[in-house]
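# Inside the fold
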4 protein chains.
Amino acid sequence: MINLRNDYSSIASKDVLQHLLKKADKKYVGYGLDNETKKLNQLVKLKCQKDVDSYVLSGGTITNVIALNKMLTNPYDAIMCVPTSHINVHESGAIESSGHKIIYLPNINGKIDISKIEETYSSFIDFHMVKPRVIYLSNSTELGEVYSLNELKKIYSIAKKLKMYLFIDGARLPQALVKGNYTLKDIASTCDMFYLGGTKLGLPYGELLIIVNDELKKDFKYLLKNKLGLLSKGFVGAIMFNYYLENDYYLSLAKNSQNQMKKLVKELKDLLVYPVETNQAFLSLSNIAINKIKNKIDFEIWEKNSKSSIIRLVTSFDTTNEDVTSCIKIIKSVA
Amino acid sequence: MINLRNDYSSIASKDVLQHLLKKADKKYVGYGLDNETKKLNQLVKLKCQKDVDSYVLSGGTITNVIALNKMLTNPYDAIMCVPTSHINVHESGAIESSGHKIIYLPNINGKIDISKIEETYSSFIDFHMVKPRVIYLSNSTELGEVYSLNELKKIYSIAKKLKMYLFIDGARLPQALVKGNYTLKDIASTCDMFYLGGTKLGLPYGELLIIVNDELKKDFKYLLKNKLGLLSKGFVGAIMFNYYLENDYYLSLAKNSQNQMKKLVKELKDLLVYPVETNQAFLSLSNIAINKIKNKIDFEIWEKNSKSSIIRLVTSFDTTNEDVTSCIKIIKSVA
Amino acid sequence: MINLRNDYSSIASKDVLQHLLKKADKKYVGYGLDNETKKLNQLVKLKCQKDVDSYVLSGGTITNVIALNKMLTNPYDAIMCVPTSHINVHESGAIESSGHKIIYLPNINGKIDISKIEETYSSFIDFHMVKPRVIYLSNSTELGEVYSLNELKKIYSIAKKLKMYLFIDGARLPQALVKGNYTLKDIASTCDMFYLGGTKLGLPYGELLIIVNDELKKDFKYLLKNKLGLLSKGFVGAIMFNYYLENDYYLSLAKNSQNQMKKLVKELKDLLVYPVETNQAFLSLSNIAINKIKNKIDFEIWEKNSKSSIIRLVTSFDTTNEDVTSCIKIIKSVA
Amino acid sequence: MINLRNDYSSIASKDVLQHLLKKADKKYVGYGLDNETKKLNQLVKLKCQKDVDSYVLSGGTITNVIALNKMLTNPYDAIMCVPTSHINVHESGAIESSGHKIIYLPNINGKIDISKIEETYSSFIDFHMVKPRVIYLSNSTELGEVYSLNELKKIYSIAKKLKMYLFIDGARLPQALVKGNYTLKDIASTCDMFYLGGTKLGLPYGELLIIVNDELKKDFKYLLKNKLGLLSKGFVGAIMFNYYLENDYYLSLAKNSQNQMKKLVKELKDLLVYPVETNQAFLSLSNIAINKIKNKIDFEIWEKNSKSSIIRLVTSFDTTNEDVTSCIKIIKSVA
C-alpha cells in the first residue's frame, strides 16, 4: 500500500537515526545545559542572522501553546487567527484550556485576509471584551498554502502598529521556505517568534522554537518546565536539529516531498480542488472511485459528500518515484 | 571524566536505537492508532494481568501532571504527598499551574509515614478547605528508597477506604521492581494509575502511563491532546516500549545500574549518609575533597554545607565496571 | 435626564433596602448556613416543584462561569452557543480564562437555530477536537427576545439525546417569564441549571442559581468557594431573594418595565429595528437626531454607522410614566 | 443568645443601609464609570497621599486571588506566606486553582519571621523550581495580631531588595490601623497593593482594593472582568465606601469592637491562650464548661482537644456593653 496519508508516518530519516547511534557513546548534561544545545543555539543565531534564543520541544501543539502563553501575559489577552487554524480546530481546545480566547480573522482560503486585520482589531473596544494580543498564522497553512515574504512583512508591520505580536506556526515551515524562496533569516525578520518543524519532516519528534523578540526571552526555561515542555534529555533534540540544519539537510528533505508532489499534480491536475503549493494536494473524486482505490493508497478523506468527496494526498521526505508513479496509475484507472 | 551525575545522561541504549533503525522502512498511522501501539497495549495488559490502558508520554513532569489531572476532576481536589516529592519541589509549580493544591503528608525520609495518612486526611473538614483526592508517591523515591509490596498494599487500602486514588510516579519504577522483588502485576494491583519510566533507563524519551482503575480510562486521549501530551508519532514510543518490555530488557538495564552501585557502595560505605537501596548513593565528603574530585567525576552536590557537603552518585544502565573502579579509586584517594 | 441606558442603573428597589433595614438587628451565621438561606432554598423548591438546590451569587459573569465549570468537568469539554452570547462577547474571555472553548451554534437573530444543533454537534468527531458538553442560551436574549416554552422543550430534548447539559443564563429571566407566560416550574423542567437574575431587576446585586440536575449538585459549595463565588454574608442575598420571590414581587417589577416599554414602542414603532419582546428596544435614528437627544436621554449606541445609527432603549423596574412620555416627546421631535 | 462567633454576622451597620436608601432615587452609570466611584477614587488618593488606584470587590477571597494574579504574571511565579494564611488554609485552594504555588515562610505565631525571608527566597535556585514573586501577609492576622509600622517597613524593604511585591490582605485592616496607630497613608507607603475590608466591619459586602505600585495599575479592569470580580452596580460599593471613609466612620466601628474586646479580656485574662491585640480572643476552657455555655453564647471552637479546647470570641462593630457583660458572667460561671 502506498502511503500518502500524511508527512509524519515514518519513524525518521535513517540518516538521523544513524547519526544518533554515532553519538550514543558520549554523556551529556540534562535539561539543555549541554554542548550540543549550545552549538544548536549558535547555529540558529547564525542562520537567523539575529541574536535569537532557541529551544527544542516535542511536538506542534505543545509548542503552539507554550509559545502563545509567553506572549499572552494577561488572562484577557486573545489570539487572532483564521478559523481553520490548527490551534482552533485540531488541538482539542488546548489553547482555551491554557486560558485564552481565540478570535477570528477573515480569511481567503486558509490565509489571513490582510486587509481586514486592523478592522477586526478595532472591534474590541473595552474591558468587557478581550484584548487582541497575538496574530497567529501557520506557514505553510493547513491547506498547504504559502505566505509570500511580502505578505509576511505586511502582517508583521500591522502587528507592530497595533502593538501585537506575530507568531508563526512552522510545523511545515521547511515547505514554505522551499516554495516561498526565502530563508530562516527572512522569517526571523518578520515575526516575534516562530518554530521550525521536525516531526513532519524526518525527525522522530521535535520542533525548534525560535524567539526573536527580546521581550519574550526572559526566563523562558521556567515557562517550559512549568508548562510541561522541558525535555530532560534536551541534548537528543539538539543533536538531531544540528544534523537537520547543517548543510540544509532539512531543505533537501522538503524539496523531495515537493518534487514528488509536482510529478503527481502534473498528471492529476484535472482533479485538483485548490492550487497545489507545497506537499499537499486536495482532489475531488467520486465516492465510487474512492472506494476502488482506498485499499491501494492510504490517504485521508478531507470532506465527505454524497456523490463525490475530497481526498487529501501528502508527499513526504521519503516518498519515492515508485510511490508517485503507482499512485498516478491507480487514480487514473478510476477517475 | 566519569559520569555519575544522573541516569539520564546518555542518548539511549544502542540496542534501542538499532531497533528503531530496523523498523524505519515501514509506515505507521499517527496518534497511537497504529499496530505497534496496539501490540504494546496488549503486552502491558499481559504483564499487568489486568485490563489496563496504556499510553507513552514524553517525560516525567508531563506524565505526572496529566495523570493527576485525570484524577483531580474538581478544582478543589488536592494531592497528598511528602514535601520532598518531585511534583512539589522540582516541577516549577507545574501541578499548581494546572490548578491544584499539594498538601503534605508526614514523611520518614522520602517515604510516606503511613500511620499519619488518615489523620492528615481528616484535618480537611469543610468547603473552606480543599478535598484530598489523590495520594501521590514515587517508587523508587527521590532519595532512591523503595516501598515494599506490603507498604504499597497498606497505602492502597487506606486510599480506597478514604475514597481517594493512589498514583505512583514510576520515573524510576524499574529500580523499585528489581530491588523490591515484585512485578508490574503487583504494582497494577496496588494503585489506580502508575507509570513505568523509560527516560531514566536507556530510552531517548518516554514514560509508559498505565491506567488500572476503569473510572480513569474514559476519553483519556482527549485529555492527552488537550493537555499537550499526545505525540503525533506515537508509534515511535510504542516500538521502543515493545522492545523495552520484551524479555524484560528494561529489568536487565536496571539490574546493571544496581549491580554497579553495589560495588561502589561496598567500597565507600563509610561515607554514606542514607542506606543505599537502588542506583543512588548520597555521600558525605569534605569540601576540600569534593574540590579535588570534581574534575574527574561528574556528580551533583545535593546539600552544600560550610565544611563538608553531601554529593549524590547515580549509576546508570550503561555504567561500566571501569567507571566504578576508577570512581572508587578517585574518592578513596581524597576521603 | 431620562435614563434608559439599561436596567441596572439604580441602587435597588427601595422596598428591598427597607426590608434589609428591618432585618438588620438580627445576627446570622455566615457562608449560607443561616436560616434565611434555608428558607430561600425551600421556597425555591416550592416554586420549581422540584428538589432543586439554590445559591445566591454576586453577578452574571461569575454565575455563568461557575455554573458552566460545574458542567464542564473535562478540560476538553466545550460550550455551544450563538456567537452574540454574553459569555462570548462581553465577559472579557472569562469562560476561556476558566479553561473552556466556546463553539458556535447557528442563530436566528439572537436565538439558537434549533434545527442546526445536532448537525453542529456531529461535526466534532474525535480526540483532536473538543467535545460539546453544554448548550448555553440566555432568556431573554441579548437582544431582548424570549424563547417559547415549546422551543425550550425542544432544545432540552435534543440536549438529552446528545447527552449534553442545557444551561439558561437568566440575567433577565423575569422578563422572559412575564413575556413567555411560563413559570419557574416550567424553566426547571426544561434545563439542567439556570439562574434568576436580580441585579437587572431591582436588587443591589445578586443572581439566584438553581441546580435542577442531581448530577450537578454534589459539593457545589466547594466549587463556589474555590471559584471565588461564595459570599461570606450569604444571608444578605437570601433575605433579598426571599423578599423578591414572595408574592411574585419580582414579576411585578418586570411587568412595570415591560408595560412602560409597550407604551414607548407604541409611539415609536416606525423606528424599530427588531420587534420588541421585553424591556429592550432598538431604534434607528439619523446621527443628527441622535446628537440632538443625547443630552436629554441617556441611552446606548448599539451600532454606529455613517449616516444613521441604532440606539438601544431599556426600561427598568423603576421607569415611570413621566420618563416614557418625555422620552417619546423628545424622540418624536427629532425623528 | 450572644453572638461572638465572628465579625460578619450582621447584615450591615444601619447607618450604611439608611445612606443607601437616601441615594436610591438617583441613576448611576454601571461598571464603575459613575461619579460616586470617581469621588471614592479621589478620596482614597487623598487618604493615601499617593496617586493610587482603587476598586471595590465583593469579598476577601476574590480580592486576594485577583490582586495576586495581577502580581503573578508568570505561571511559575509563587507566593510566600506563613502556613496559617487564609489563602493557604481557608480558601479551598482558590490560589492554586488560579494557577500559582504557595510556598511557606517561617512564622512566629501568625506573623512572618522577618529574619527568615531572604534565606527562604534564596532556596529557590533554578528553573526546576518556582520563582518567589510576592510576599503575602494579612494585617491583622488570622489570630488577630497586628504588624507594627516598623515591621511592615522592614518587610517591604526586603521585598524591594529581592524584587518582589508585598501584598497586604486587609480583610481586618481597620483593626490593625486602630491598634497599630498608623494610617492608610502609612500602609500605602509600605506595600505594593492592599485592601481595606468592609465585610468584616459593617458593610453588607465589599473590600476596597488599593493599588499603590504603578506597574500594577494597567488594564486592571480587564483583569477584574475576566477574573469575575467586576460588579455591574459598582456605584453601590462606591457609595458605601465613600460613607465608610468619610469622617473615619470605619475607624469608629473598629474602635467599638476593640473597646468591647478590652472589657471582655480584662475579666477573662486568665483563660487567654494568646495575647489579645484586636477584636479576637482565644480562650482555653474545659469541654464541660464549653458544653454549658454553648447555648448561651455563639462562638467558634478553634481547636478541639480531649479535655479542654480553645474557643474563639470575636467582637464586632455592633457588639454592645450588654453583650460583653453577659458574656463575662456566663463564662465566669463555668470557668
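Residues numbered from 1 in each chain as written. Chains lettered and ligands numbered in written order. Predicted model: local features only at pLDDT ≥ 70, side-chain atom pairs only at ≥ 80, totals over all residues. Heavy atoms only, no water.

For chain A, the helix and strand inventory stands at 14 helices and 14 strands. Over its C-alpha atoms chain A spans a radius of gyration of 20 Å, differing by no more than 12% from the 20 Å that the globule rule assigns to 335 residues. Its C-alpha atoms put chain A at 60 × 60 × 35 Å along the principal axes. Once local pairs closer than 6 in sequence are excluded, the contacts in chain A between residues at least 24 apart make up 73%. (Helix = DSSP H or I, 4+ residues; strand = E, 2+ residues; numbered from the N terminus. Rg over C-alpha atoms; globule rule 2.2 N^0.38 Å. Contact = heavy atoms within 4.5 Å.)

Residues and elements named next belong to chain C. In terms of burial, strand β11 (residues 280–286) is a largely internal element, 5 of the 7 residues being buried. For β11 and strand β14 (residues 308–314), the ladder comprises 7 bridges, and the chain directions are antiparallel. When the sheet's bridge partners are listed, L283 is paired in β14 with I311. (Buried < 20%, exposed > 50% of the residue type's maximum accessible area, 1.4 Å probe, protein only. Pairing = 2+ DSSP bridges.)

So, on to the pattern of salt bridges. Tallied over the entire structure, the rule returns 73 salt bridges over all chains. With its nearest N and O atoms 3.0 Å apart, the salt bridge here joins D192(C) to K160(C). With a gap of 32 residues between them, D192(C) in the loop between α9 (184–188) and β9 (193–197) and K160(C) in helix α7 (residues 149–161) connect regions that are remote in the sequence. Put simply, K218(A), D219(A) and K131(D) are held in one network by salt bridges that share partners. (Salt bridge = Lys/Arg side-chain N within 4 Å of Asp/Glu carboxyl O.)

A separate point is unusual backbone geometry. Backbone phi values are negative for most residues with the exception of glycine, while trans is the configuration of most peptide bonds. Of note, the bond from N139(A) into S140(A) is cis; its omega dihedral lies within 30 degrees of zero at -5 degrees. On the secondary structure map, S140(A) appears in the loop between β7 (131–138) and α7 (149–161). In this structure, N109(B) is a non-glycine residue whose phi angle is positive, near 50 degrees. Position of N109(B) among the secondary structure elements: in the loop between β5 (107–108) and β6 (111–112).

Facing the 47 residues of chain C at the interface are 47 residues of chain D. Summed over both partners, the interface of chain C with chain D buries about 4,300 Å², with 60% contributed by carbon and sulfur atoms. At the junction of chain C with chain D, the criterion picks out 4 salt bridges. Here K27(D) makes a salt bridge to D318(C), at a shortest N to O gap of 2.9 Å. Summed over the shared surface of chain C and chain D, the result is 26 residue pairs in polar contact (both at pLDDT 80 or more). (Buried area = accessible area lost by both parts, 1.4 Å probe. Polar contact = N/O pair within 3.5 Å; in protein donor to acceptor, adjacent residues only side chain to side chain.)

Turning next to the relation of the copies chain A and chain B. When chain A is fitted to chain B, the best match, at an RMSD of 0.0 Å, comes from turning it 180 degrees and sliding it 0.0 Å along the axis. The transformation just described matches what one would write down for a two-fold rotation axis. Residue by residue, 100% of the interface of chain A is reproduced at the interface of chain B, so both copies engage with the same surface. (Least-squares fit on C-alpha atoms with pLDDT ≥ 70 in both.)

Our next topic: the relation of the copies chain C and chain D. Rotating chain C by 180 degrees and moving it 0.0 Å along the rotation axis overlays it on chain D with an RMSD of 0.0 Å. A shared binding surface is used by both copies, with 100% of the interface residues of chain C retained as interface residues in chain D.

The subject of this paragraph is the sheet that holds strand β8 (residues 165–169) of chain C. Residue and element names in this part refer to chain C. The mixed open sheet is built from 7 strands, whose spatial order is β2-β10-β9-β8-β7-β3-β4. Strand pairing shows two members of the sheet lacking a second neighbour, β2 (53–57) and β4 (102–104), which therefore form its edges. Looking at each pair of strands side by side, their axes are set apart by 25 degrees on average, direction ignored. Relative to β8, strand β7 (residues 131–138) runs parallel, the two being bridged by 5 bridges. Note that in β8 the partner of V134 across the bridge is Y165. Lying over the sheet, α7 contacts β7 and β8, oriented at roughly 145 degrees with respect to β8. Contacts between helix α11 (residues 234–245) and the sheet are confined to β2, β9 and β10 (207–211), with β9 contributing the most and set at about 85 degrees to the helix. (Axes fitted to C-alpha atoms, helices over the stretch in contact; angles between N-to-C directions.)

Moving on, we come to the packing of aromatic side chains. Under the definition given, this model contains 48 aromatic pairs over all chains. Aromatic side chains Y243(C) and Y249(C) sit 5.0 Å apart centroid to centroid with 65 degrees between the ring planes, which places their arrangement in the edge-to-face category. Residue Y243(C) is classed as partly exposed on the basis of its relative accessible area of 23%. Each member of the aromatic cluster is reached from another via a ring pair, and the members are Y136(A), F167(A) and Y195(A). Taking the ring centre of Y147(B) as reference, the NZ or CZ of K111(B) above it sits at 5.2 Å. (Phe/Tyr/Trp six-rings, centres within 6.5 Å; stacked < 30°, edge-to-face > 60°. Lys NZ or Arg CZ within 6 Å of the ring centre and 35° of its normal.)

Moving on, we get to the interface of chain A and chain B. Reports of interface size often rely on the accessible area that becomes lost once the parts have come together. Facing 47 residues of chain A, the contacting portion of chain B comprises 47 residues. Counting each side, the surface lost to burial between chain A and chain B is near 4,300 Å², with a carbon and sulfur contribution of 59%. If you look at where chain A meets chain B, you find 4 salt bridges. If you list the elements that add at least two residues to the side of chain A that touches chain B, you get α1 (14–22), α3 (60–71), α5 (94–97), α10 (220–226) and α11 (234–245) of chain A.

In this section: the domain arrangement of chain A. Residues and elements named next belong to chain A. By the assigned domains, chain A splits into domain 1 (2–8 + 250–334) and domain 2 (14–248). If you average the C-alpha positions of domain 1 and of domain 2, the two centres end up 28 Å apart. Facing the 19 residues of domain 1 at the interface are 23 residues of domain 2. With both sides pooled, the region where domain 1 packs onto domain 2 buries about 2,000 Å², and carbon together with sulfur makes up 58% of that total. The interface formed by domain 1 and domain 2 holds 1 salt bridge in total. Note that R172 is salt-bridged to D7, the shortest N-O span being 2.7 Å. At the surface where domain 1 touches domain 2, the tally comes to 9 residue pairs in polar contact (both at pLDDT 80 or more). Among the secondary structure elements, those contributing two or more residues to the side of domain 1 that touches domain 2 are α12 (249–268) and β11 (280–286). A breakdown of the residues in the side of domain 1 that touches domain 2 according to their chemical character gives 9 nonpolar, 6 polar and 4 charged. (Domains from an automatic or database assignment. Nonpolar A, V, L, I, M, F, W, Y, C, P; charged D, E, K, R; others polar.)

Residue and element names in this part refer to chain A. As for its position among the elements, S85 is in the loop between β3 (77–81) and α4 (86–89). With relative accessibility at 4%, the residue S85 sits in the buried group. Looking at S85, its side chain comes within polar contact range of the main-chain oxygen of V82, at 2.7 Å.

Moving on, we get to the packing of helix α1 (residues 14–22) of chain C against helix α1 (residues 14–22) of chain D. Following both chains from N to C, one finds α1(C) and α1(D) inclined at 165 degrees, their axes separated by 10 Å at the closest point. By the criterion of interaxial angle, the relationship of α1(C) to α1(D) is roughly antiparallel. The two elements α1(C) and α1(D) meet at a crossing, and its hand is left-handed. Residues K14(C), L17(C), Q18(C), L20(C) and L21(C) of α1(C) pack against K14(D), L17(D), Q18(D), L20(D) and L21(D) of α1(D). (Parallel < 35°, antiparallel > 145°, perpendicular 65-115°, else oblique. Left-handed = near helix turned anticlockwise from the far one by under 90°.)

With that settled, consider the sheet that holds β14(C). Residues and elements named next belong to chain C. Ordered by their spatial adjacency, 3 strands build an open sheet running β11-β14-β13, and the pairing between neighbours is antiparallel. Of all the strands in the sheet, the pair left with one neighbour each is β11 and β13 (300–303). Neighbouring strand axes in the sheet, compared pairwise and without regard to direction, differ in orientation by 40 degrees on average. Both β13 and β14 contribute to a ladder of 3 bridges, which runs antiparallel. From the neighbouring strand, I301 faces β14, where its bridge partner is I311. Docked against the sheet, helix α12 (residues 249–268) engages β11 and β14, running at close to 30 degrees with respect to β11.

With that settled, the discussion passes to helix α3 (residues 60–71) of chain C. All names here are of chain C. If you check α3, its first and last C-alpha atoms are 17 Å apart, about what 12 residues at 1.5 Å a residue would give, namely 16 Å. Burial runs high along α3: 11 of the 12 residues are buried. Considered for burial, the residues of α3 that qualify are T61, I62, T63, N64, V65, I66, A67, L68, N69, K70 and M71. (Expected span 1.5 Å × (residues − 1).)

For the rest of this paragraph, the subject is α7(A). Residue and element names in this part refer to chain A. Its 13 residues place the ends of α7 18 Å apart at the C-alpha level, agreeing with the 18 Å of an ideal helix rising 1.5 Å per residue. Among the residues of α7, L152, I155, Y156, I158 and A159 are the ones counted as buried. The buried residues of α7 occupy one face: seen down the axis, they fall within an arc of 160 degrees. Where the residues of α7 are buried, they touch β6 (111–112), α6 (117–122), β7, β8 (165–169) and α9 (184–188). Trailing α7 by a residue or two, K163 shows a phi angle of about 55 degrees, which is positive. (Arc of directions from axis to C-beta.)

Looking at where L21(D) falls in the secondary structure, it is placed in helix α1. On the accessibility criterion, L21(D) (13% relative accessible area) is buried. Other than its neighbours up to four places away in sequence, L21(D) contacts K14(C), L17(C), Q18(C) and L21(C).

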